[in-house]
Protein chains: 2
Amino acid sequence: MDKSSRILLAHGSGGLLYRRLVEEVLLPYFTNPILSQLGDAALCDLPSGRLALTCDSFVVKPLFFPGGDIGRLAVCGTVNDLAMSGARPLYLTLGLIIEEGFLMADLQRICASIAQAAQEAGVSIITGDTKVVGKGQADGIFINTAGVGVVASQRDLSRGPQVQPGDKVLLTGSLAQHGMAVMAAREELAIDPPLVSDVAPLPSLTDAIFKAAPGIKLLRDPTRGGVAATLSEWAESTGLSICLEEAALPLERPVAALCELLGLDPLYVANEGKFLAAVPPKEEKAALAALRAHPLGRQAACIGAFTDEPGAKVSITTPYGGRRLVGMISGEQLPRIC
Amino acid sequence: MDKSSRILLAHGSGGLLYRRLVEEVLLPYFTNPILSQLGDAALCDLPSGRLALTCDSFVVKPLFFPGGDIGRLAVCGTVNDLAMSGARPLYLTLGLIIEEGFLMADLQRICASIAQAAQEAGVSIITGDTKVVGKGQADGIFINTAGVGVVASQRDLSRGPQVQPGDKVLLTGSLAQHGMAVMAAREELAIDPPLVSDVAPLPSLTDAIFKAAPGIKLLRDPTRGGVAATLSEWAESTGLSICLEEAALPLERPVAALCELLGLDPLYVANEGKFLAAVPPKEEKAALAALRAHPLGRQAACIGAFTDEPGAKVSITTPYGGRRLVGMISGEQLPRIC
């Protein structure tokens, strides 16, 4: 295929060009026996357990950024949502909406990245759909993935134990890397070395914490809205307050510097390869040790704890002993970071 | 909510406005116990059988047309893909990509339509995702739905019997209604009464044919690319030819007239509430009787048969005894009809 080949409106029809796009460009990246049947729906057998189902659309801009691209994000985002529910991710759907004129070479680069991330995450893409819209009717490419997994009964956090005052809040690594990497790439900020997104599939890291801390109570990946949004929701849903220690927050210096420059609070910036966990205090050490032994959890830290202070608020204690509230932002700090 | 309210970029963040959009605008349309848990993934128990999984993106233009809208289409398209694989559809995901400035009232109208179609189809929306992109970066709204169903073993067409020469090709109703209705609405053609899309959920109609014709061999809804694309694929996959009778094709006069006016062949135009089935000749009568007894199958007809003519071609015999080949189109007749 010519390097300057581009997607045509006709690639989105049900005709021959559509079939060629599917069979010659897309399918070779994702080959597996279920996908190859190419039925209206993909058929497969599931191991026993409860079904977990999730979906996510991805509209990140720019499409390519240090550490990843929209394809890697579309796999990791969905796989991580499954992992956070305690599920073992198994299958993904792949829905592409492509703008007419999109470079075929970029589509292939994105597909290669999807295939690579799916392999890392241990999932197969078993069904998909491609639509093409006219020039100016979308922004390059949008991707939707839905994911199916199975939750073994001992991992069903939705039926799990109640959070209590004293339970610890763990974070598996440094804050705000994804959001700031995308921001820097979008604004073409000349940061050297460039900020790199943390986008990564987390199922093997959740495996580690489930094993080390079977009493784990909550699990969530702080994507849009960042750590602040997740903890605000936890405070609201549990009716407990959460107190964080600013000094304990893992944060890389270049990320912190860019946040300061742009007036952003890293607690509100998206992550794509981190999770927050609530564990009983007696399991804190084992959980941290297990996380730190994993390549994606080396900087894992206990960043605070649940308390019975009234008001179900999230607050943070500064190194100088001050204390401020962490609310949910109402608006949008960084649009299109996933 | 004010009638002139519009979607803001901030509605796509993980912050408060996003939560208000989800909790106050979207969720009330789709309430069910699984969705209400609002976890990273939805958890549910499945009846026994093989899992069927499918996904589809919808970019139809205009968003509203006689007989339906993008919301009804997004439910029916995915539910019908499940039904065509022999599955009982159970659950849908709902991914929205909305352009900044989109009218909140239109979003609500679309959600109401999704809820209505889901109820007709007997499925629940159990998880979803909403993204907002800037003005001019999408065209109003794009919707992606993924669907999960279960295939009972006696309905597993993927392991079903081989098609043979003499097997009949049935079509459940008149051709090309969806594509021409959208086309007429898009071009604002003053047709009175307006052409109405056939978009409808087909699971109860597939129930009828599975019951009446247990020997059924193939099932497919002829959407993009129309009847011609589906039959071309069947000819290719079975290695048999298919001969159609033009006089037997159900086709409404206004649809035929608009096709002729625009130089379109109705065999290539999309349908969204019809299916094609291949049945053994001894089950033709029972199948047609069962289809015709159903409100969505009243015009069901046998439109042709598989033959052992060499070449695995699809051809059509005209009322005057002529015969022409029906190939797959390579290009795009009608972009964005689903």
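Note that the structure is a prediction, hence the values are computed from the model and not measured. (Residues numbered from 1 in each chain as written. Chains lettered and ligands numbered in written order. Predicted model: local features only at pLDDT ≥ 70, side-chain atom pairs only at ≥ 80, totals over all residues. Heavy atoms only, no water.)

K.L.:
It is not clear to me how the interface of chain A and chain B should be interpreted in this structure. Could you clarify?
P.N.:
Size of an interface, as often reported, equals the accessible area lost when the parts are brought together. Each side of the interface is counted separately: chain A has 76 residues, and chain B has 76 residues. Carbon and sulfur atoms make up 58% of the area that chain A and chain B hide from each other, which totals about 5,800 Å². Sorting the residues of chain A by area buried against chain B places Asp40, Leu53 and Arg224 of chain A first, and these three jointly supply 13% of that buried surface. The interface formed by chain A and chain B contains 10 salt bridges. (Contact = heavy atoms within 4.5 Å. Buried area = accessible area lost by both parts, 1.4 Å probe. Salt bridge = Lys/Arg side-chain N within 4 Å of Asp/Glu carboxyl O.)

K.L.:
Which parts of the structure should I look at to understand unusual backbone geometry?
P.N.:
Note on backbone geometry: most residues besides glycine have negative phi, and most peptide bonds are trans. All names here are of chain A. In this chain, Asp192 is followed by Pro193 through a cis amide linkage whose omega measures -5 degrees. For Glu188, which is not glycine, the phi dihedral falls at a positive 50 degrees. One can find Glu188 in the loop between helix H5 (177-186) and helix H6 (203-212). According to the relative accessible area criterion, Glu188 is exposed, its value standing at 71%. (Helix = DSSP H or I, 4+ residues; strand = E, 2+ residues; numbered from the N terminus. Buried < 20%, exposed > 50% of the residue type's maximum accessible area, 1.4 Å probe, protein only.)

K.L.:
I'm lost on the pattern of salt bridges in this one. Help?
P.N.:
Pairing is possible between side chains that carry opposite charge, provided their charged atoms lie close to one another. Scanning the entire structure with this criterion turns up 36 salt bridges over all chains. For Arg220 of chain B, the salt bridge identified is with Asp40 of chain A, shortest N-O distance 3.0 Å. Taken together, the positions of Arg220 of chain B in strand E9 (residues 218-220) and Asp40 of chain A in the loop between helix H2 (33-36) and strand E1 (42-44) put the pair across two chains. When sorted by exposure, Arg220 of chain B lands in the same class as Asp40 of chain A, which is buried. As a salt-bridge pair, Arg155 of chain A and Asp207 of chain A come within 2.8 Å of each other at their nearest N and O atoms. Placement of Arg155 of chain A in the loop between strand E7 (141-151) and strand E8 (168-171) and of Asp207 of chain A in helix H6 is noted, with a sequence separation of 52 residues between them.

K.L.:
Explain the sheet that holds strand E2 (residues 50-58) of chain B here, please?
P.N.:
The strands that make up a sheet are held in pairs by hydrogen bonds between backbone atoms, and each pair lies either parallel or antiparallel. Strand order in the open sheet formed by five strands is E1(A)-E2(B)-E7(B)-E5(B)-E6(B), and the pairing between neighbours is mixed. Whereas interior strands pair on both sides, the edge strands pair on one side only; in this sheet they are E1 of chain A together with strand E6 (124-133) of chain B. Each strand of the sheet is rotated relative to its neighbour by a mean of 15 degrees, with strand direction disregarded. In the sheet, strand E5 (residues 87-99) of chain B pairs with E6 of chain B via nine bridges, with the strands oriented parallel. Directly across from Tyr91 of chain B, in E6 of chain B, lies its bridge partner Ser124 of chain B. Together, E5 and E6 of chain B form the strand contacts of helix H1 (residues 16-30) of chain B, whose direction differs from that of E6 of chain B by roughly 145 degrees. (Pairing = 2+ DSSP bridges. Axes fitted to C-alpha atoms, helices over the stretch in contact; angles between N-to-C directions.)

K.L.:
Help me understand the packing of aromatic side chains in this model?
P.N.:
Describing an aromatic ring pair means giving the distance of the ring centres and the angle of the ring planes. Using the criterion set out here, one finds five aromatic pairs over all chains in the structure. Ring geometry for Tyr29 of chain B against Phe30 of chain B: centres 6.2 Å apart, planes inclined by 50 degrees, an arrangement best described as tilted. Residue Tyr29 of chain B is classed as partly exposed on the basis of its relative accessible area of 29%. The ring of Tyr18 of chain B carries the charged tip of Arg224 of chain A above its face, separated from the ring centre by 4.6 Å. (Phe/Tyr/Trp six-rings, centres within 6.5 Å; stacked < 30°, edge-to-face > 60°. Lys NZ or Arg CZ within 6 Å of the ring centre and 35° of its normal.)

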